[in-house]
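The lines below spell out each chain.
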Amino acid sequence: GAGVSQSPSNKVTEKGKDVELRCDPISGHTALYWYRQRLGQGLEFLIYFQGNSAPDKSGLPSDRFSAERTGESVSTLTIQRTQQEDSAVYLCASSLASGGAETQYFGPGTRLLVL
Amino acid sequence: GQSLEQPSEVTAVEGAIVQINCTYQTSGFYGLSWYQQHDGGAPTFLSYNALDGLEETGRFSSFLSRSDSYGYLLLQELQMKDSASYFCAVKARMDSSYKLIFGSGTRLLVRP
C-alpha cells in the first residue's frame, strides 16, 4: 500500500477483555514502531522491530502488553485484560531501517476506549 | 536518562513568524527531528538536523546546536492550517538500534 495502515480505527472494549491491534507498514520498510498517545500528550514508545532481530520491548508498560511481527510485514499489538488507563491512541510507524529512524511514517492510529 | 523540553502552547497571528524551542538531555544523540500533528491526525515528518546549523524547507526551518543541546523549529508566513501540535524528537542510538524519543509537544494556535 501507499502508506501505513492500521485496524481497527476505533475500538471500544470492556475492562478485562483482550484486544488486538493491527499494523501494515509500508512495503520495504524493515523497521516498525508502536507508540501510545494519551489525549493531549506526546508519543510514548512501546516496542520496535527491525528485520529479523530481537524486538526492543523496553517501552512496554506491563506484561499485559505484547507484540509480534511476521518477517518484515504485518505487526499485531495485543493488550490483555485491558484497564481503563489503557485508553489511548495506539500509533504504528515504519521506516526504511532503524538507521532511518529519524523519518518515520505513521499510520492513522487505533483509538482504544476501555469502559 | 532521556528528556526533552518544549513549550506546551504557543499562540501567533496569521502571517507572523513563530519559533518553537526544544532542549534535550540524552545519551547516544544522533540528531533532532520535528513532526507535525493535526488534531485527530497522524504525526507527519517535517525536518531532521544531524549537524549544527539551519535547514530550510519552504516556510519551515529547523536549527540545531549540539553543543547547547538545543534546537528550534521556525515557521514563517503563518497560515491558519499551521495550527497543530509540533513535536521535537531525538534520534538516539541505544545498543545496536536507533530510536526516536519524542517531546510532549507544543500546541500552536494561529489566530486571524
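For the structure given in this document, a descriptive report is provided here. Every chain's residues receive numbers from 1 upward, in the order its sequence appears when written. The naming scheme follows written order: chains are lettered A onward, ligands numbered 1 onward. Per-residue local features are limited, in this predicted model, to residues with pLDDT of at least 70; the limit for side-chain atom pairs, both in listing and counting, is 80 or more; totals at the level of whole chains, interfaces and linings are taken over all residues. To get the side-chain values, all heavy atoms of the structure are used, and hydrogens and water are removed first.

1. Quick notes on the interface of chain A and chain B
Interface size, as often reported, equals the accessible area lost upon joining of the parts. In what follows, a contact means two residues having at least one pair of non-hydrogen atoms within 4.5 Å. In this assembly, 22 residues from chain A lie in contact with 18 residues from chain B. Here the quantity called buried area is the total loss of accessible area, with a 1.4 Å probe, experienced by two parts when brought into contact, counted for both. Interface area for chain A against chain B, summed over the two sides, is near 1,500 Å², with a carbon-plus-sulfur share of 57%. Three residues stand out in chain A for area buried against chain B, namely Leu43(A), Glu102(A) and Phe106(A), and they jointly supply 34% of the buried area on that side. Salt bridges are defined by distance alone: a side-chain nitrogen of Lys or Arg within 4 Å of a carboxyl oxygen of Asp or Glu. As a salt-bridge pair, Glu102(A) and Lys91(B) come within 2.7 Å of each other at their nearest N and O atoms. Whenever a nitrogen or oxygen atom comes within 3.5 Å of another N or O atom, the pair is scored as a polar contact, on the condition that within protein one atom can donate a hydrogen and the other can accept it, and that pairs from neighbouring residues in sequence are kept only if both atoms are in side chains. Along the contact surface separating chain A from chain B lie 8 residue pairs in polar contact (both at pLDDT 80 or more). Where the side of chain A that touches chain B is concerned, the elements lending two or more residues are β4 (31-37) and β5 (44-50) of chain A. Per-element tally for the side of chain A that touches chain B: the top contributor is β4(A), with 3 residues. Here a strand is any run of E in DSSP of at least two residues, a helix any run of H or I of at least four, and the numbering for each starts at the N terminus.

2. Side note on the sheet that holds strand β1 (residues 5-7) of chain A
All names here are of chain A. When DSSP locates at least two bridges between a pair of strands, those strands are taken to pair. Ordered in space as β1-β3-β7-β6, the 4 strands form an open sheet in which the pairing is antiparallel. Of all strands in the sheet, those with a lone pairing partner are β1 and β6 (65-69), marking the two edges. Neighbouring strand axes in the sheet, compared pairwise and without regard to direction, differ in orientation by 15 degrees on average. Sheet topology note: the β6/strand β7 (residues 75-79) ladder contains 5 bridges and is antiparallel. Among the inter-strand pairings, alanine 67 is bridged to a residue of β7, identified as leucine 77. Lines fitted to the C-alpha atoms define the axes, with helices restricted to the stretch that makes contact. Angles between their N-to-C directions range from 0 to 180 degrees.

3. Comments concerning the pairing of β5(A)
Consecutive side chains of a regular strand alternate in pointing toward one face of the sheet and then the other. Residues and elements named next belong to chain A. Along β5, 6 of the 7 residues are buried, which leaves the element largely enclosed by surrounding structure. In this sheet, β5 lies alongside β4 in antiparallel orientation, the contact comprising 6 bridges. Across the sheet, the residue bridging to tyrosine 33 is tyrosine 48, located in β5. Partly exposed describes any residue whose relative accessible area lies between the buried limit of under 20% and the exposed limit of over 50%, with all areas from a 1.4 Å probe on protein chains only and scaled to the type maximum.

4. Examining the pattern of salt bridges
All names here are of chain A. Going through the model one piece at a time under the given rule, you end up with 7 salt bridges over all chains. Put simply, arginine 36 and glutamate 44 hold a salt bridge, and the shortest N to O gap is 3.1 Å. For arginine 36, a relative accessible area of 5% translates into the label buried. Note on glutamate 44: relative accessible area 29%, which makes it partly exposed. Notably, a salt bridge pairs arginine 64 with aspartate 86, separated by 2.8 Å at the nearest N-O pair. Taken together, the positions of arginine 64 in the loop between β5 and β6 and aspartate 86 in the loop between β7 and β8 (88-95) put the pair 22 residues apart, joining distant regions of the chain. There is no split in this pair, since arginine 64 and aspartate 86 are both buried.

5. Description of the nonpolar core
Among the nonpolar cores identified, the biggest contains 24 residues, and Leu32(B), Trp34(B), Leu75(B), Tyr86(B) and Leu108(B) are the most heavily contacted of them. Elements represented by at least two residues in this core include exactly β2 (9-13), β3 (18-25), β4 (29-37), β7 (60-65), β8 (70-75), β9 (84-94) and β11 (106-111) of chain B. The biggest single contributor to this core is β9(B), with 5 residues. Membership of the second largest hydrophobic core comes to 20 residues, among which are Leu46(A), Ile47(A), Leu60(A) and Cys92(A). Joining through side-chain atoms within 4.5 Å is the link that ties buried Ala, Val, Leu, Ile, Met, Phe, Trp, Tyr and Cys residues into a set, and such a set is a nonpolar core.

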